[in-house]
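Observations on chain architecture
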Amino acid sequence: PAAYLCVADMLYNQRGDVRPIERHYASMKKWIEYIRDRQMKDGLVINDVYGDWCMPPESPEMIHSQDPARVTDGRLVGTSFFYRLLNMMARFAAVAGHEEDIPAYLEQAARVKDAYNRMFLNPETGQYANNTVSAGLLSLVQGLVPDTLKQKVFDELVRRTEVDFDSHVSTGMIGMQFMMRGLSRYGRPDLA
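A brief structural summary. (Residues numbered from 1 in each chain as written. Predicted model: local features only at pLDDT ≥ 70, side-chain atom pairs only at ≥ 80, totals over all residues. Heavy atoms only, no water.)

**Thoughts on the pattern of salt bridges**
Evaluated as defined, the whole model comprises 13 salt bridges. For Arg91, the salt bridge identified is with Asp9, shortest N-O distance 2.8 Å. Taken together, the residues span a long stretch of sequence, with Arg91 in helix 3 (residues 74-95) and Asp9 in helix 1 (residues 3-15) at a distance of 82 residues. The exposure class assigned to Arg91 is partly exposed, which follows from its relative accessible area of 41%. As a salt-bridge pair, Arg160 and Asp164 come within 2.8 Å of each other at their nearest N and O atoms. Linking Arg160 with Asp164, this pair stays in helix 6 (residues 150-164), spanning 4 residues, or about one helical turn. When its relative accessible area of 14% is taken as the criterion, Arg160 is described as buried. When its relative accessible area of 37% is taken as the criterion, Asp164 is described as partly exposed. (Salt bridge = Lys/Arg side-chain N within 4 Å of Asp/Glu carboxyl O. Helix = DSSP H or I, 4+ residues; strand = E, 2+ residues; numbered from the N terminus. Buried < 20%, exposed > 50% of the residue type's maximum accessible area, 1.4 Å probe, protein only.)

Structure follows, in structure tokens:
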């Protein structure tokens, strides 16, 4: 469902086209409110049942992984995207002339970030949730990692990729969309 907002954001960022944002702002706002009011508990999006689906399984005979250590918590995936979308909506509010909405989006984003890090982050190890590469990667590229821990989180996801997965992909479809840019942005284009 995030594609609804992400497509408008891409059109705006790549082409300067404000029309999708202006035309759909009211329904985007309504969708954000729906998630906030009906799909969240304690600051987390709780209904993402797919998570980071399609990660490589333990063996080539399998279609889907059966190992819970390879599966990224759907709440982490859904909440990381919701945080990104709240920040996107704050920008959209400015573009569409609804500046009065900006503080509410930013305040909610701050509450979500706090709940997310309380639930998933181990600040001692730089690990998120069960330490899948996707858990660290989504947290980093969606802007949820505290500044003081960014390098530690990045180093851990690189270690997992290089050591535990022999420099092979270990993410599902969701994590993969951020893998190459995330590794490159934080100084490891060679691993990407």
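**Notes on the nonpolar core**
Of all hydrophobic cores here, the largest spans 50 residues; its most connected members are Phe92 and Tyr128. Counting only elements with at least two residues in this core, the list comes to helix 1, helix 2 (19-38), strand 2 (44-45), helix 3, helix 4 (102-120), helix 5 (133-141), helix 6 and helix 7 (173-185). The dominant element in this core, judged by the number of residues it contributes, is helix 3, at 12 residues. If sequence neighbours within four positions are ignored, Phe92 has contacts with Leu5, Ala8, Asp9, Ile21, Tyr25 and Met28. (Core = buried A, V, L, I, M, F, W, Y, C linked by side-chain atoms within 4.5 Å. Contact = heavy atoms within 4.5 Å.)

**Some points on the environment of Val49**
Tracing the chain through its elements places Val49 in the loop between strand 2 and helix 3. In sequence terms Val49 and Val77 are 28 residues apart; their C-alpha atoms lie 9.6 Å from each other.

**What to know about the side chain of Arg188**
For Arg188, the position within the fold is in the segment after helix 7. In this structure the side chain of Arg188 is engaged in a polar contact, spanning 2.7 Å, whose partner is the side chain of Glu162. Side-chain polar atoms of Arg188 contact the side chain of Asp190, separated by 2.9 Å. Ignoring sequence-local partners within four residues, the contact set of Arg188 consists of Phe154, Val158, Glu162 and Leu183. (Polar contact = N/O pair within 3.5 Å; in protein donor to acceptor, adjacent residues only side chain to side chain.)

**Focus on the packing of aromatic side chains**
Aromatic ring pairs: the centre-centre distance and the angle between the two ring planes describe each pair. On inspection of all chains with the given rule, the structure shows 4 aromatic pairs. Ring centres 5.2 Å apart and planes at 65 degrees place the aromatic pair Tyr116 and Phe120 in the edge-to-face group. Remark: Phe120 and Tyr116 occur in helix 4; sequence separation between them is 4 residues, near one turn of the helix. For the pair shown, Tyr116 and Phe120 are each scored as buried. Three or more aromatic residues joined by ring pairs form one cluster here, namely Tyr116, Phe120 and Tyr128. (Phe/Tyr/Trp six-rings, centres within 6.5 Å; stacked < 30°, edge-to-face > 60°.)

**Structural notes on the state of the cysteines**
Under the criterion given, the structure shown has 0 disulfides. The structure places no disulfide on Cys6, whose sulfur is separated from the nearest cysteine sulfur, that of Cys54, by 19 Å. By relative accessible area, Cys54 is classed as partly exposed at 35%. (Disulfide = S-S within 2.5 Å.)

**Thoughts on helix 6**
Side chains that are three or four residues apart share a direction in an α-helix, a result of its 3.6 residues per turn. In this model, helix 6 (15 residues) spans 20 Å end to end at C-alpha, consistent with the 21 Å of a helix rising 1.5 Å per residue. Once helix 6 finishes, Asp166 follows within two positions and takes phi at roughly 50 degrees, a positive value. (Expected span 1.5 Å × (residues − 1).)

**Topic: the packing of helix 2 against helix 3**
When two helices pack together, you describe them by how their axes are tilted relative to each other and by the distance separating the axes. One way to put it is that helix 2 packs onto helix 3 with a least axis distance of 10 Å and a crossing angle of 145 degrees. Seen from above, helix 2 lies across helix 3 with left-handed handedness. Each of Ile21, Glu22, Tyr25, Met28, Lys29, Trp31, Ile32, Ile35 and Arg36 in helix 2 lies in contact with helix 3, whose residues at this interface are Phe82, Leu85, Leu86, Met89, Phe92, Ala93 and Val95. For the contact of helix 2 with helix 3, the residue count by class is 13 nonpolar, no polar and 3 charged. (Axes fitted to C-alpha atoms, helices over the stretch in contact; angles between N-to-C directions. Left-handed = near helix turned anticlockwise from the far one by under 90°. Nonpolar A, V, L, I, M, F, W, Y, C, P; charged D, E, K, R; others polar.)

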